[in-house]
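Breakdown of the fold
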Amino acid sequence: MTELHNNLKEIRTEHNLSQEFLAESVGVTRQTIISIEKGAYQPSIGLAIKLAKTLHRTVESLFYFK
């Protein structure tokens, strides 16, 4: 089975953004961002798009299958 991975933490830190700031920017809790970064939670398509727009990236650059 193919697993969804992400580069969220790396890209977030490149932009010098805290988990809390990113969470507030996309309308979720800090715990949600932590869970996504750890791979414990797969975001909805809508949330993935919000994250990508906030970080000025494509969804594909944030999330990928391995």
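Shown above is the structure to which this text applies.
This text gives an overview of the structure that appears in the document. (Residues numbered from 1 in each chain as written. Predicted model: local features only at pLDDT ≥ 70, side-chain atom pairs only at ≥ 80, totals over all residues. Heavy atoms only, no water.)

1. Overview of helix H4 (residues 45-54)
Along an α-helix, residues three or four apart share an orientation, since each turn contains 3.6 residues. Along H4, the residues that are buried comprise Leu47, Ala48, Leu51 and Ala52. All buried residues of H4 fall inside an arc of 135 degrees around its axis, so they share one side. Among the exposed residues of H4, those oriented more than 90 degrees off its buried face are Ile45 and Lys53. For H4, the elements touching its buried residues are helix H1 (8-14), helix H2 (19-26), helix H3 (30-38), helix H5 (59-62) and strand E2 (63-65). Following H4 by one or two positions, His56 has its phi on the positive side, about 55 degrees. (Buried < 20%, exposed > 50% of the residue type's maximum accessible area, 1.4 Å probe, protein only. Helix = DSSP H or I, 4+ residues; strand = E, 2+ residues; numbered from the N terminus. Arc of directions from axis to C-beta. Contact = heavy atoms within 4.5 Å.)

2. Focus: unusual backbone geometry
Positive phi, close to 55 degrees, is recorded for Asn16, a residue that is not glycine. Backbone geometry at His56 places phi at a positive 55 degrees, although glycine is not the residue there. Here His56 is to be found in the loop between H4 and H5. For His56, a relative accessible area of 68% translates into the label exposed.

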